[in-house]
Amino acid sequence: MYCLLKFASLFLAVSVCHGWLFGDFVGKQKDLDEISLWPQPQKFQSSAVAFKLSPVRFQIVHAKESSAGPNCSLLENAFRRYFEYMFGDMKKHEKSRKKVFDSDLVELKVWVTSADPECDGYPSLQTDESYELSVDGPSAVLKAANVWGALRGLETFSQLVYEDDYGVNNINKTVISDFPRFAHRGILLDSSRHFLPLKVILANLEAMAMNKFNVFHWHIVDDQSFPYMSRTFPELSQKGAFHPFTHVYTPSDVKMVIEFARMRGIRVIPEFDTPGHTQSWGNGITNLLTPCFSGSKPSGTFGPVNPILNSSYEFMAQFFKEISAVFPDAYIHLGGDEVDFNCWKSNPDVGKFMEQQGFGTDYSKLESFYIQRLLDIVAATNKGYMVWQEVFDNGVKLKDDTVVEVWIGNKMEEELQNVTGAGFTTILSAPWYLDYISYGQDWQKYYKVEPLNFPAESRHTDPCVERTAAVPR
Amino acid sequence: MYCLLKFASLFLAVSVCHGWLFGDFVGKQKDLDEISLWPQPQKFQSSAVAFKLSPVRFQIVHAKESSAGPNCSLLENAFRRYFEYMFGDMKKHEKSRKKVFDSDLVELKVWVTSADPECDGYPSLQTDESYELSVDGPSAVLKAANVWGALRGLETFSQLVYEDDYGVNNINKTVISDFPRFAHRGILLDSSRHFLPLKVILANLEAMAMNKFNVFHWHIVDDQSFPYMSRTFPELSQKGAFHPFTHVYTPSDVKMVIEFARMRGIRVIPEFDTPGHTQSWGNGITNLLTPCFSGSKPSGTFGPVNPILNSSYEFMAQFFKEISAVFPDAYIHLGGDEVDFNCWKSNPDVGKFMEQQGFGTDYSKLESFYIQRLLDIVAATNKGYMVWQEVFDNGVKLKDDTVVEVWIGNKMEEELQNVTGAGFTTILSAPWYLDYISYGQDWQKYYKVEPLNFPGTDAQKKLVIGGEACLWGEYVDATNLTPRLWPRASAVAERLWSDKSVTDISNAYNRLVQHRCRMVKRGIPAEPLFVGHCRHEYKGL
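What comes next is a walk through the structure.

So, how was this worked out
- Residues numbered from 1 in each chain as written.
- Chains lettered and ligands numbered in written order.
- Predicted model: local features only at pLDDT ≥ 70, side-chain atom pairs only at ≥ 80, totals over all residues.
- Heavy atoms only, no water.
- Helix = DSSP H or I, 4+ residues; strand = E, 2+ residues; numbered from the N terminus.
- Rg over C-alpha atoms; globule rule 2.2 N^0.38 Å.
- Buried < 20%, exposed > 50% of the residue type's maximum accessible area, 1.4 Å probe, protein only.
- Axes fitted to C-alpha atoms, helices over the stretch in contact; angles between N-to-C directions.
- Left-handed = near helix turned anticlockwise from the far one by under 90°.
- Contact = heavy atoms within 4.5 Å.
- Nonpolar A, V, L, I, M, F, W, Y, C, P; charged D, E, K, R; others polar.
- Patch = residues over 30% accessible without salt bridge, like charges linked within 9 Å, V, L, I, M, F, W, Y side chains within 5 Å.
- Areas by Shrake-Rupley, 256 points an atom, 1.4 Å probe, with all protein chains shown as cover.
- Salt bridge = Lys/Arg side-chain N within 4 Å of Asp/Glu carboxyl O.
- Buried area = accessible area lost by both parts, 1.4 Å probe.
- Polar contact = N/O pair within 3.5 Å; in protein donor to acceptor, adjacent residues only side chain to side chain.
- 1 Å grid on protein atoms, 1.4 Å probe; cavity = no way out; pocket = protein on both sides within 12 Å on 5 of 7 lines; lining within 4 Å.
- Points joined across faces, edges and corners; volume = space filled by probe spheres on them.
- Phe/Tyr/Trp six-rings, centres within 6.5 Å; stacked < 30°, edge-to-face > 60°.
- Pairing = 2+ DSSP bridges.
- Arc of directions from axis to C-beta.
- Disulfide = S-S within 2.5 Å.

### Section: the overall build of chain B
Then, in step 1: Secondary structure summary: chain B contains 18 helices and 17 strands in total.
Then, in step 2: In summary, chain B has a C-alpha radius of gyration of 27 Å against a globular reference of 24 Å for 541 residues, a match within 12%.
Then, in step 3: Dimensions along the principal axes, computed over C-alpha positions, put chain B at roughly 110 × 50 × 50 Å.
Then, in step 4: Here chain B, with 541 residues, has 57% of them falling under the buried criterion.

### Let's talk about the packing of helix α8 (residues 310-326) of chain B against helix α11 (residues 363-379) of chain B
Residue and element names in this part refer to chain B.
Then, in step 1: Between α8 and α11, whose axes approach to 9 Å, the crossing angle comes to 35°. Crossing angle aside, the handedness with which α8 passes α11 is right-handed. Of α11, the residues touching α8 (which contributes N310, Y313, M316, A317 and F320) are F369, Y370, R373, L374, I377 and V378.
Then, in step 2: Class assignment of the residues belonging to the contact of α8 with α11 gives a composition of nine nonpolar, one polar and one charged.

### Some thoughts on unusual backbone geometry
Then, in step 1: For the bond from G137 of chain A to P138 of chain A, the omega torsion is -10°, close enough to zero to count as cis.
Then, in step 2: Here P138 of chain A lies in the loop between β4 (131-135) and β5 (139-144).
Then, in step 3: A cis amide bond links W486 of chain B with the next residue in sequence, P487 of chain B, at an omega value of 5°.
Then, in step 4: One can find P487 of chain B in the loop between α16 (481-485) and α17 (488-497).
Then, in step 5: Phi is positive for E338 of chain A, which is not a glycine, with a value near 45°.
Then, in step 6: One non-glycine residue, K411 of chain A, lies in positive phi territory at about 60°.
Then, in step 7: Note that K411 of chain A resides in the loop between β15 (403-406) and α13 (412-421).

### Regarding the side chain of T156 of chain A
Then, in step 1: Looking at the secondary structure, you find T156 of chain A in helix α3 (residues 147-160).
Then, in step 2: For T156 of chain A, a relative accessible area of 2% corresponds to the buried category.

### A short note on a nonpolar patch on the surface
Then, in step 1: Nonpolar side chains collect at one region of the surface, where W38, W443 and Y447 of chain A lie side by side and expose about 410 Å² of accessible area between them.
Then, in step 2: Locating W38 of chain A in the fold gives a position in the loop between α1 (2-17) and β1 (43-53).

### Describing the interface of chain B and chain A
Then, in step 1: Chain B puts 19 residues into the contact, and the matching count from chain A is 16 residues.
Then, in step 2: Between chain B and chain A the total buried area reaches about 1,600 Å² when both faces are included, carbon and sulfur atoms providing 68% of it.
Then, in step 3: Inspection of the chain B/chain A interface yields seven residue pairs in polar contact (both at pLDDT 80 or more).
Then, in step 4: Broken down by class, the residue content of the side of chain B that touches chain A amounts to ten nonpolar, four polar and five charged.

### Describing empty space enclosed by the protein
Empty pockets left among the atoms are what a rolling probe the size of a water molecule brings to light.
Then, in step 1: Applying the stated criterion to the full structure yields five cavities of 30 Å³ or more.
Then, in step 2: Along the walls of the largest cavity sit Y122, P123, I258, I266, R267, V268, P328 and D329 of chain A, which together make up its complete lining.
Then, in step 3: Split into classes, the residues belonging to the lining of the largest cavity amount to six nonpolar, no polar and two charged.
Then, in step 4: Its boundaries defined by the atoms lining it, the second largest cavity holds a volume of some 50 Å³.
Then, in step 5: Around the second largest cavity, the lining residues are Y122, P123, I258, A261, R262, I266, R267, V268, P328 and D329 of chain B.
Then, in step 6: Of all the secondary-structure elements, those providing two or more residues to the lining of the second largest cavity are α6 (251-262) and β10 (267-274) of chain B.
Then, in step 7: Among the elements that line the lining of the second largest cavity, the one with the most residues is α6 of chain B, at three residues.
Then, in step 8: Along the lines of polarity and charge, the residues of the lining of the second largest cavity split into seven nonpolar, no polar and three charged.

### Let's talk about the packing of aromatic side chains
Then, in step 1: Within the structure shown, the criterion is met by 72 aromatic pairs over all chains.
Then, in step 2: Centre to centre, the rings of Y439 of chain A and Y436 of chain B are 4.7 Å apart; their planes meet at 90°, and the pair counts as edge-to-face. Of this pair, Y439 of chain A sits in the loop between β16 (425-428) and α14 (443-447) while Y436 of chain B is found in the loop between β16 (425-428) and α14 (443-447), placing the two residues in two different chains.
Then, in step 3: An angle of 35° between the planes, with centres 6.2 Å apart, marks the rings of F341 of chain B and Y363 of chain B as tilted. In this pair, F341 of chain B sits in the loop between β13 (331-335) and α9 (342-346) while Y363 of chain B sits in helix α11, placing the two residues 22 residues apart along the sequence.

### Here we look at the pairing of strand β7 (residues 169-178) of chain B
Residue and element names in this part refer to chain B.
Then, in step 1: Of all the ten residues making up β7, seven are buried; the element is thus mostly covered by neighbouring parts of the structure.
Then, in step 2: In the sheet, strand β1 (residues 43-53) pairs with β7 via eight bridges, with the strands oriented antiparallel. If you follow A50 over to β7, its bridge partner there is N172.
Then, in step 3: In the sheet, strand β4 (residues 131-135) pairs with β7 via five bridges, with the strands oriented antiparallel. In the sheet register, S134 faces β7, and the bridge partner there is V175.
Then, in step 4: Bridge analysis of strand β6 (residues 162-163) against β7 gives two bridges, and the strand direction is antiparallel. Bridging from a neighbouring strand, E163 pairs with N169 of β7.
Then, in step 5: Linking β6 to β7, which pair antiparallel, is a turn of five residues; within it G167 sits at a positive phi near 80°.

### Points about the layout of surface pockets
All names here are of chain B.
Then, in step 1: Estimated volume of the second largest pocket: approximately 660 Å³.
Then, in step 2: As for the second largest pocket, its lining consists of 24 residues, and the residues nearest its centre are E163, Q514, K521, R535 and H536.
Then, in step 3: Elements that contribute at least two residues to the lining of the second largest pocket include exactly α2 (73-87), α3 (147-160), β6 and α18 (505-521).
Then, in step 4: For the lining of the second largest pocket, the leading source of residues is α18, giving five residues.
Then, in step 5: Split by residue class, the lining of the second largest pocket holds ten nonpolar, eight polar and six charged.

### A look at α13 of chain A
Then, in step 1: Among all positions of α13 of chain A, only M412, E415, L416, V419 and T420 of chain A are buried. Taken down its axis, α13 of chain A places every buried residue within 120° of arc, on the same side.

### Concerning the state of the cysteines
Then, in step 1: Enumeration over the complete set of coordinates arrives at five disulfides over all chains.
Then, in step 2: Shown here is the disulfide that connects C72 of chain A with C119 of chain A, its sulfur atoms set 2.0 Å apart. Taking the sign of the S-S torsion, -110° for the link of C72 of chain A and C119 of chain A, the bridge is left-handed. Placement of the pair is C72 of chain A in the loop between β2 (59-62) and α2 (73-87) and C119 of chain A in the loop between β3 (107-112) and β4, with a sequence separation of 47 residues. Comparing C72 of chain A with C119 of chain A shows no difference in burial state: the two are buried.
Then, in step 3: With a sulfur-sulfur separation of 2.0 Å, C72 of chain B is cross-linked through a disulfide to C119 of chain B. Here the S-S torsion is close to -110°, and the disulfide linking C72 of chain B with C119 of chain B is therefore left-handed. Taken together, the residues C72 of chain B in the loop between β2 (59-62) and α2 and C119 of chain B in the loop between β3 (107-112) and β4 connect sequence positions 47 residues apart.

These results come straight from atomic positions and should not be treated as a statement about function.
Written as structure tokens, this is what we have:
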């Protein structure tokens, strides 16, 4: 009896020391407040049991059962990147001969479960980004269907690691089960109003991966400049960029962005916004834009893409053929926002065309005429397309898989209701125009937005609503 | 007669080619829009005659008549800095054997005219920063009373240089006569709400010099942290800094800031703000702050400096003795703003003291009692002091040379009227709180401020000696300080240097866009004003 008591107290002591019974012991345990995960996972359970990670012994490895192995360069690259994040600031000595302690976490095993890990593929809207993470000595296990989920899990794992008072890397016994609420989580950058050097774009793709963003909406050209170097129409950037050499994205620059993004599970969706926002296009392609008139004479200024000329559509067909080959994502963003009708109204040929088509004085019909033809051109390249909300608002006929981007703040809930009510997938950017800076902690107002806060009749049959955080227009 | 005609037409041709008669010839001449000076000088005349500058032949030298020479390290340092700004991105080959062309500008002669150039001195409020610049082949001449004016002139000279279509440095025949409208042109940085690494402070001193700012108002400590490493009271930073090693300014860091600033003609005025804004001081000096009470028991929290204890004044005397030795400027900023009376009201000992002194329930009298003693302490160290406006508003007795800083936006003109009406020098920062960011071209609202727009006599207006652009640190640290400060602060720079009449926004926009690109080219990540580009974009991250 006494012996049992002794054993029981020993067992109790051991249990208590390992913190399984009580979470508050000093020593091996760490204040659970120290763990700061962002974004917060769906299911997260941590205990106060801590393991140490040694930069000479800890490794990230492919699990034996994983369908991905050392030839999966996306994961090899990620292993190196996350190792560097976790141990980068530590001196790394040569392999230590010391034995491994029970309190060490020796490895993170990455287990991709699907037969096809998609190592050399591209992420898509349908990608399963879920993962499961189990951290316990001596091996932690990260399980995901494919490399995209593995990337998300690696980021989370790296966020679980913290430095104790000795500067030693620790991680607590943890179980996480995670997946994104929304499939389209994007950042829009505008490289037309100001040229963005490649370095800045790549650094922000890195930051996106740290935040589990998975779409780079590249608003690459606009009125002010055309930095995209087109193989088919080199004059576009030669005459449209701020400078034809120093302020352009060469084909190799574009490839670099796409691959750098892919390695981080980020889709690159380029936006070539027409028929408005196209001033810079007209420098290179002389008959593309509508000449505006002052009375009966051309004023010398130009408006949106000229919708009445076949040449405009021939140009678009050739141009988007190139774009659909250059950018591997299933979607291209075609813009279609803020079309100013004044120039069209001033042009007599456009006026004649309006008559012939029976559009009366409703220029949004002309706009829709253009967009319709453009959408058909792009659909023929086997790409899906995204458009700004005006295209939907103006009643253009859209393909079923069109993604409508709601950007106008005024009557946003109504718009979401209408777009989803009509059966289209939609993404939200209206409340997230981060270019509108103001004094103070404005991140809170962005955080408080609830994308699904709009009236929906049959919420359970609503198509998925997704969101994009947009930057300048 | 025919001969004379031929000669005349030859002469005419030569004159026309040199652009003296007509400013519009192609070739040697350059579009005068290309020249973007910031801030705009007082008197500026340029012609279209252009000279080329070769990186192997052009030199900045001391004029023979100058009282400064090669042993004037401030100027030697400046010559190198400005040469690098102008030719830094060019390949510099070895000395060319080619002959000098008539169209070359061979040298800039710097001529310091006073007997004492002040090479090893410090700038002050009374410093004469005027200069004259005459650019003509083959030698340009920069004349100034002392090195401080020479620095201003060198900056302007570097702004006159532009690249032609061949990438060759050109400069036009120019005559400039310049001086600042206001003597105190400052930038406030806050290194307490966030620690600012030395690199960031030094980079901003560089940017200040490009904009002819001449005062760095270093709001070095405050409630949130105490990064200043004091020799007399090391516990202040040991217990008050965000981290006692990584987030402090050592004595050598402080020396570096002061000397780096001096080399650019910038005064460093530290602010040790009391009796409010002192939470972090209490970590190191245990009886310094007033203990607040919850009923009859101490609540555990602390308020402003405790004005009823002699120890507070003994501490201040020792502390400011050190400060007055460490910082060479004639002025120290003592703060005195935003004193919250609640803690004093809660403390029974303070209450007794109020009775004894006959202050009744007027705690601003207690505040003034403290400030008065502090000012006397600091005056005894032979420093002048600057204070925030509350000190004046509360009727504290100030020395004649006190500078009162008007920072409250509400009733600003009235305050200026009152402060100058009472005979005190004043500086204005109220309209220039650059930490209040907003969407769009807010530089315009800073540019449009007219500091002397208040009811007052000419004598009163003379007492407004300048102003400061303030970048408080609640939302600012090394990741965003420089782009947030520049070029918005440049708007304030021109308002404080240039003539009152320089107000054309559209002209300012064109010049400021170029000036901003120039700062970017020199490595300062100044944010854009609006859509566009710079020939040389920012290369950092």
